[in-house]
Amino acid sequence: MKDVEKLWLLQELESKMMLIEKEAGIHELTNEIDSKKDMYKKIVSSMEKIIEEYKKTEIQIKSAEITLERIEKQINEWEQHLYEGDFKKAKTLNTIQSDLETQRENRKKLKKNIRYLSQQMKNDKLNLKKLKDKSIEVKKEIHDKKKKMEIILTESKDALMSVEKEISDVKKDIETKSLEYYYKKKEKDSPVIVEYRDGVCTGCNMQFSMILGRTMTPAMETRSYFCENCGRIVIVPLDPTLES
Ligand SMILES: [Zn+2]
């Protein structure tokens, strides 16, 4: 594989960068901010649902009140007629009385329903208030964490920039094809380049096959192989004892 030594260096620099970020707490803080943002989104979506429900209930109450008004009017009319003895025929009287009973029953049900719906609206309002408070709290937390991030980034800026510069310099010297291979592999198998130690790929801990193993003696120059098990680049580092 071409550019192995440069890729190895790139990998080292990238770990160094990760370490600086880790020590500064950047990753942790990024995760915290993301999770707070998710929480905020969920709260807003819950609030939207409640508002929708609230509006529906409001319409239901209005329509129930209109019906109630109509029924009340009807009941009053019939009661007035009955009081004044306007219905002479027994048959009519019976019908009216039975209808009156039905409407009184309807009135009772409607009032109960309106009470229930009003209570629901009260609950919705209460929940909305709670969510609103929570959303303000979470928003403030996000704001504070972002502020903290700015400070951390400023503090570690110099160290990060210097490694970033080294990384971009190394990358300039590596062929695009090699870089593409490296980053594609890195997505699922990190680190991509590992050392060969005691006949084992230190990436996946698989023993190298006998034939390959025998050929993998420490050399004066860096030699690289693909691990037949995990596909990582396995390098045999320069052995200083063989020099001179
Ligand atoms: Zn391996």
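Residues numbered from 1 in each chain as written. Predicted model: local features only at pLDDT ≥ 70, side-chain atom pairs only at ≥ 80, totals over all residues.

On a regular strand, one side chain projects to one face of the sheet and the next to the other, so that they alternate. Where strand β3 (residues 223–226) lies against strand β4 (residues 233–236), 4 bridges are found, and the strand directions are antiparallel. Within β4, the position partnered with Tyr225 by the bridge is Val234. Connecting the antiparallel pair β3 and β4 is a turn made up of 6 residues, with Gly231 showing a positive phi of about 80 degrees. (Pairing = 2+ DSSP bridges. Helix = DSSP H or I, 4+ residues; strand = E, 2+ residues; numbered from the N terminus.)

By the element assignment, Lys146 lies in helix α3 (residues 90–172). Given 12 C-beta atoms within a 10 Å radius, Lys146 is considered exposed. Here the alpha-carbon distance between Lys146 and Lys109, two residues 37 residues apart in the chain, equals 55 Å. (Buried ≥ 20, exposed ≤ 12 C-beta atoms within 10 Å, placed from the backbone.)

Before going further, it helps to spend a moment on the packing of helix α2 (residues 26–83) against α3. A pair of packed helices can be characterised by two numbers: the angle between their axes and the separation between those axes. Contact geometry for α2 and α3: axes closest at 6 Å, N-to-C directions at 160 degrees. By the criterion of interaxial angle, the relationship of α2 to α3 is roughly antiparallel. Two packed elements cross with a definite hand, and for α2 against α3 that hand is left-handed. Taken together, the residues of the contact of α2 with α3 break down into 29 nonpolar, 12 polar and 18 charged. (Axes fitted to C-alpha atoms, helices over the stretch in contact; angles between N-to-C directions. Parallel < 35°, antiparallel > 145°, perpendicular 65-115°, else oblique. Left-handed = near helix turned anticlockwise from the far one by under 90°. Nonpolar A, V, L, I, M, F, W, Y, C, P; charged D, E, K, R; others polar.)

Under the domain assignment, the protein chain is made up of domain 1 (4–172) and domain 2 (189–242). One C-alpha centre belongs to domain 1, the other to domain 2; they are set 56 Å apart. Contacts between the two partners involve 5 residues from domain 1 and, on the opposite side, 7 residues from domain 2. Grouping the constituent residues of the side of domain 1 that touches domain 2 by class yields 3 nonpolar, 1 polar and 1 charged. (Domains from an automatic or database assignment. Contact = placed C-beta atoms within 7 Å.)

A few words now on the confidence of the model for the protein chain. Taken residue by residue, the protein chain gives an average pLDDT of 89. The fraction at 70 or more is 91%. Confidence scores differ between elements of the protein chain, with helix α5 (residues 210–215) showing the lowest mean pLDDT of 56 and α2 the highest of 96. (pLDDT = per-residue confidence, 0-100.)

Another aspect to go through is the pairing of β4. Strand direction decides the pairing type here: strand β1 (residues 193–197) and β4, joined by 3 bridges, are parallel. By the bridge assignment for β4, Glu195 is matched with Ile235.

In this section: the sheet that holds β4. Whenever strands of a sheet pair, they do so through backbone hydrogen bonds, lying parallel or antiparallel. Sheet architecture is open: 4 strands sit in the order β2-β1-β4-β3, paired in mixed fashion. Sheet topology places β2 (200–201) and β3 at the edges, where each strand pairs with a single neighbour. Its contacts with the sheet put helix α1 (residues 4–24) on β1, β3 and β4, and the angle it makes with β1 is roughly 105 degrees.

All right, on to α2 then. Given a rise of 1.5 Å per residue, 58 residues ought to cover 86 Å, and the 83 Å separating the end C-alpha atoms of α2 matches this to within 8%. Immediately downstream of α2, the backbone of Gly85 shows phi near 65 degrees, a positive value. (Expected span 1.5 Å × (residues − 1).)

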